[in-house]
Amino acid sequence: MTKQISSERKAAYYIGMGLMILGAILFASTFVTFIMNFGNFNNFESNAKSGMLRGFGGIALLIVGGIIRGIGALGIAGSGVKLNPQQAKEELEPYSRMAGGMIKDVLDESEINIGGKSEKIIMIKCQSCGKLNEEDSKFCQECRKKMRFSPKAGQLE
Ligand SMILES: [Zn+2]
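Basis of the calculations
Residues numbered from 1 in each chain as written. Predicted model: local features only at pLDDT ≥ 70, side-chain atom pairs only at ≥ 80, totals over all residues. Heavy atoms only, no water. Donors = N, O, S within 2.8 Å, 3.2 Å for Na, K, Ca; no water. Tetrahedral: all angles 85-135°; square planar, octahedral: opposite > 155°, others 65-115°. Helix = DSSP H or I, 4+ residues; strand = E, 2+ residues; numbered from the N terminus. Expected span 1.5 Å × (residues − 1). Buried < 20%, exposed > 50% of the residue type's maximum accessible area, 1.4 Å probe, protein only. Phe/Tyr/Trp six-rings, centres within 6.5 Å; stacked < 30°, edge-to-face > 60°. Polar contact = N/O pair within 3.5 Å; in protein donor to acceptor, adjacent residues only side chain to side chain. Contact = heavy atoms within 4.5 Å. Patch = residues over 30% accessible without salt bridge, like charges linked within 9 Å, V, L, I, M, F, W, Y side chains within 5 Å. Areas by Shrake-Rupley, 256 points an atom, 1.4 Å probe, with all protein chains shown as cover. Salt bridge = Lys/Arg side-chain N within 4 Å of Asp/Glu carboxyl O. pLDDT = per-residue confidence, 0-100.

Student: It is not clear to me how the coordination of the zinc ion should be interpreted in this structure. Could you clarify?
Tutor: Think of it this way: four donors in a tetrahedron around the metal ideally sit 109.5 degrees apart, and six in an octahedron ideally sit 90 or 180 degrees apart. All of the protein donors around the zinc ion are C126 (SG), C129 (SG), C140 (SG) and C143 (SG); their distances to the metal are 2.3 Å. Coordination geometry of the zinc ion: the four donor atoms subtend angles of 106 to 117 degrees at the metal centre, consistent with an arrangement described as tetrahedral. All donors of the zinc ion belong to a single chain; written as a sequence motif, their spacing is C-x2-C-x10-C-x2-C. Linking C126 in the loop between β1 (123-125) and β2 (132-134) with C143 in the segment after β2, this pair joins segments that are 17 residues apart in sequence.

Now the structure itself:
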C-alpha cells in the first residue's frame with residue numbers, strides 16, 4: 001500500500017549506525033593508546049587489559065550496531081521495503097571501506113583528529129638562510145640567527 005517507513009525503523013537504522021561509529025572509534029582508540037604507550041612498560045599489564053577490553057568492546061558494538069541497523073533498513077523479517085537503496089548504499093560506503101581496514105578514513109569522517117591538532121601551521125622564512133621556521137620561532141632552526149618578524153606589516157622587516 002504505502003512505502004512509508006515507520007519511525008521506529010528509522011530510529012533503529014540511525015541508532016545502529018551510531019553504535020557502529022562508536023565501536024569503530026573505540027576499536028581505533030586502542031591503537032592510539034598502544035602507540036602512545038610504546039616503549040613504556042609501566043602498568044603494561046593493566047594497559048594491555050584495558051586495551052583488549054576496548055578492542056573487543058568496539059568490535060561487539062560494531063556487530064550489534066550493524067544488526068540493529070540492518071533491522072532498521074530491512075525490517076525484522078528482512079523482506080520489507082528498503083529504506084532507500086541508493087541512500088543506504090551511500091551511507092554504507094564508509095563502513096565498507098572501514099571493513100577493509102581503513103580505520104583512518106572513519107576517523108576522518110567523524111572529524112576526529114588524533115592528538116587534537118587541527119589548526120594550520122604558519123611558517124616564516126629566515127632572512128639569512130631561507131629556512132622555513134614556525135611562526136612563533138625566536139631563532140632560526142638552521143642558522144640560529146634571530147628571527148625578525150613584524151606582525152604589523154605582516155612580513156619580514
Ligand atoms: Zn636561518
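Student: What should I look at first to understand helix α1 (residues 7-36) in this one?
Tutor: An α-helix turns once every 3.6 residues. As a result, residues three or four positions apart point the same way. Here α1 contains 30 residues, and its C-alpha end-to-end distance of 43 Å stays within 8% of the 44 Å for a straight helix at 1.5 Å per residue. Within α1, burial applies to A12, Y13, G16, M17, L19, M20, G23, A24, A28, S29 and T30.

Student: What is the right way to read the packing of aromatic side chains from this model?
Tutor: By the definition in use, this model includes one aromatic pair. Aromatic side chains Y13 and Y14 sit 5.2 Å apart centroid to centroid with 90 degrees between the ring planes, which places their arrangement in the edge-to-face category.

Student: Is there a simple way to explain the side chain of N133 in this structure?
Tutor: Relative to the helices and strands, N133 is located in strand β2. Here Q141 takes part through its backbone nitrogen, which lies 2.7 Å from a polar atom of the side chain of N133. Leave out the neighbours within four places in its chain, and N133 touches I122, M123, I124, C126, F139, C140, Q141 and M147.

Student: Which parts of the structure should I look at to understand a nonpolar patch on the surface?
Tutor: Where nonpolar side chains cluster on the molecular surface, the patch consists of M52, F56, I59, I63, I67 and I71 and spans about 600 Å² of accessible area. Within the fold, I67 resides in helix α2 (residues 44-74). Taking the relative accessible area as the measure of exposure, I67 reaches 51% and is therefore exposed.

Student: How should the confidence of the model for the chain be read in this particular structure?
Tutor: Close reading of the predicted structure is inappropriate where its pLDDT is low. On average, residues of the chain carry a pLDDT of 71, and 57% of them reach 70 or more. Taken element by element, the predicted model of the chain shows its lowest mean pLDDT in helix α4 (residues 103-109) (51) and its highest in β2 (88).

Student: What exactly am I supposed to notice about the environment of I122 here?
Tutor: Assignment of secondary structure puts I122 in the loop between α4 and β1. Looking at I122, the relative accessible area reads 47%, which means it is partly exposed. Apart from residues lying up to four places away in sequence, I122 is in contact with N133, E134 and E135.

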